[in-house]
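Structure assessment
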Amino acid sequence: MKSRACELLGIEFPLFAFSHCRDVVAEVSAAGGFGVLGAVGHSPKSLDIELSWIDEHCDGKPYGVDLLVPTSMDSKEAALNRQELEDRIPFDHKRYVEELLARHNIDTSDLWDDVMRDGVGDNMRKTGADAVLEAAFSHPVKMVVNALGVPPDFMIERARANDVVVGALAGAKEHASKHADAGIDLIIVAGTEAGGHCGEVSTMVLVPEVIEEIKDSGMVVLAAGGIVTGRQMAACMAMGADGVWTGSVWLTTAEAETLQVVKEKMLVANSRQTVRSRSRTGKYTRQLRSAWTDAWQAEESPDPLPMPLQGVVAEAAFRKINQLAQANHDGAKQLANYFVGQGVGLMNEAKSVRTVVYEFMEDYASATERLINMTDE
């Protein structure tokens, strides 16, 4: 397929798959797309283990890594250690979470024990991010992506030294301009339909707006946000994108490590059953609506804390929630949720990763053929 994204990364089909599951990443790459492993929360050691596994299972095809690195590594929040972060959580927020879980019959006596796992938060500091990049570059990764603003200079420099493509996400036109000024190679333009961190502008509006803004930059453009079918991919390519970045569609695949109760919720959800909420990370993320998101939108709820403090609060709660939900605990099942885009309304059947990739290819081909036939008539 002729696409600048294919040429840049040596792939057959410009379908990019973001996932925290190594099986999904390897399968997408092996099938001709480009898998991207979400490395947030990984230590250098655990990332090395995951990438070694991908190396053995992706048939030698290219893949990438996605990180969450602040543009400014000298911010106060980035410099905090685990105990300092823990100490910054206000009493009112702790009490609110305890009461919320208690209403759902969840014991909170040990809720704040070991509130952050070892290594989580280290990537928010330069030393930690450097170590993770070192682990990534010891493998044949072809691209690193920063999901939190413009990649810092040291990240770009290390990637250049290792002949690795640098990408970043943008949720607004002004974000794209900053990425262009930084000289990165690839930009992921994510509309509000996307799961996880997202802005307020729809994919259909944002993609052409950004393409016009950065038309002289030479950056490869991927469209993102609610894209779960090949016909949507064709629409984005018709607007000028060089490929698409997808995440949600892989959450309900057979290989995905998504919590089973959450998979089941997603498979029956419609596109209106997601919500933009600061309740998981402190920044707006689109996620499956549940008793958790409802509670943080209630009139009596405290304002969610800024990143990374709200993430610390949510992590403590969801360690409990997820463990109990897996054991079929009714209250935990009501609270359980995960990041997912509005495309969830089209994700109605559990399929293998390869099936999803091939259906994307077939649907894309059919859509482009319809457009060609329209011009011939």
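A brief report on the enclosed structure follows. (Residues numbered from 1 in each chain as written. Predicted model: local features only at pLDDT ≥ 70, side-chain atom pairs only at ≥ 80, totals over all residues. Heavy atoms only, no water.)

**Regarding the pairing of strand β6 (residues 186–190)**
For β6, the buried fraction is high: 5 of the 5 residues fall into the buried class. Residues Leu186, Ile188 and Ala190 of β6 are buried on one face, and the alternating residues Ile187 and Val189, pointing to the opposite face, are buried as well. Relative to β6, strand β5 (residues 165–170) runs parallel, the two sharing 4 bridges. Looking at the pairing, Ala170 lines up with Val189 of β6. As a crossover connection, the stretch from β5 through helix α9 (residues 173–182) into β6 is right-handed. (Buried < 20%, exposed > 50% of the residue type's maximum accessible area, 1.4 Å probe, protein only. Helix = DSSP H or I, 4+ residues; strand = E, 2+ residues; numbered from the N terminus. Pairing = 2+ DSSP bridges. Right-handed = clockwise from strand over helix to strand, strands pointing away.)

**Considering the nonpolar core**
Of all hydrophobic cores here, the largest spans 99 residues; its most connected members are Leu101, Trp250, Trp292 and Ile321. With 9 residues, helix α14 (residues 309–326) is the largest single contributor of residues to this core. In contact with Trp250, not counting residues within four places along its chain, are Leu15, Ala17, Phe18, Val24, Val28, Ala256, Val353, Val356 and Val357. Core analysis: the next-biggest nonpolar cluster, separate from the first, contains 17 residues, Phe16, Val145, Ala190 and Leu222 among them. (Core = buried A, V, L, I, M, F, W, Y, C linked by side-chain atoms within 4.5 Å. Contact = heavy atoms within 4.5 Å.)

**Quick look at the layout of surface pockets**
Taken as a whole, the second largest pocket holds about 290 Å³ of empty space. Residue lining of the second largest pocket: 16 residues in total, with Val228, Thr229, Leu346, Lys351 and Glu359 positioned closest to the centre. Tallied by class, the residues present in the lining of the second largest pocket amount to 7 nonpolar, 5 polar and 4 charged. (1 Å grid on protein atoms, 1.4 Å probe; cavity = no way out; pocket = protein on both sides within 12 Å on 5 of 7 lines; lining within 4 Å. Points joined across faces, edges and corners; volume = space filled by probe spheres on them. Nonpolar A, V, L, I, M, F, W, Y, C, P; charged D, E, K, R; others polar.)

**With respect to the packing of aromatic side chains**
Enumeration over the complete set of coordinates arrives at 7 aromatic pairs. Pairing Phe18 with Trp245 gives two aromatic rings, centres 6.1 Å apart and planes at 25°, and the pair type is stacked. Note that Phe18 is positioned in strand β1 (residues 15–19) and Trp245 in strand β9 (residues 243–246), a separation of 227 residues in sequence. The class for Phe18 is partly exposed, based on a relative accessible area of 22%. By relative accessible area, which is 8% here, Trp245 ends up buried. Put simply, the rings of Tyr96, Trp292, Trp296 and Phe318 touch in pairs and so form one group of aromatic residues. (Phe/Tyr/Trp six-rings, centres within 6.5 Å; stacked < 30°, edge-to-face > 60°.)

From the geometry alone we can't say anything about function, so treat these as descriptive.
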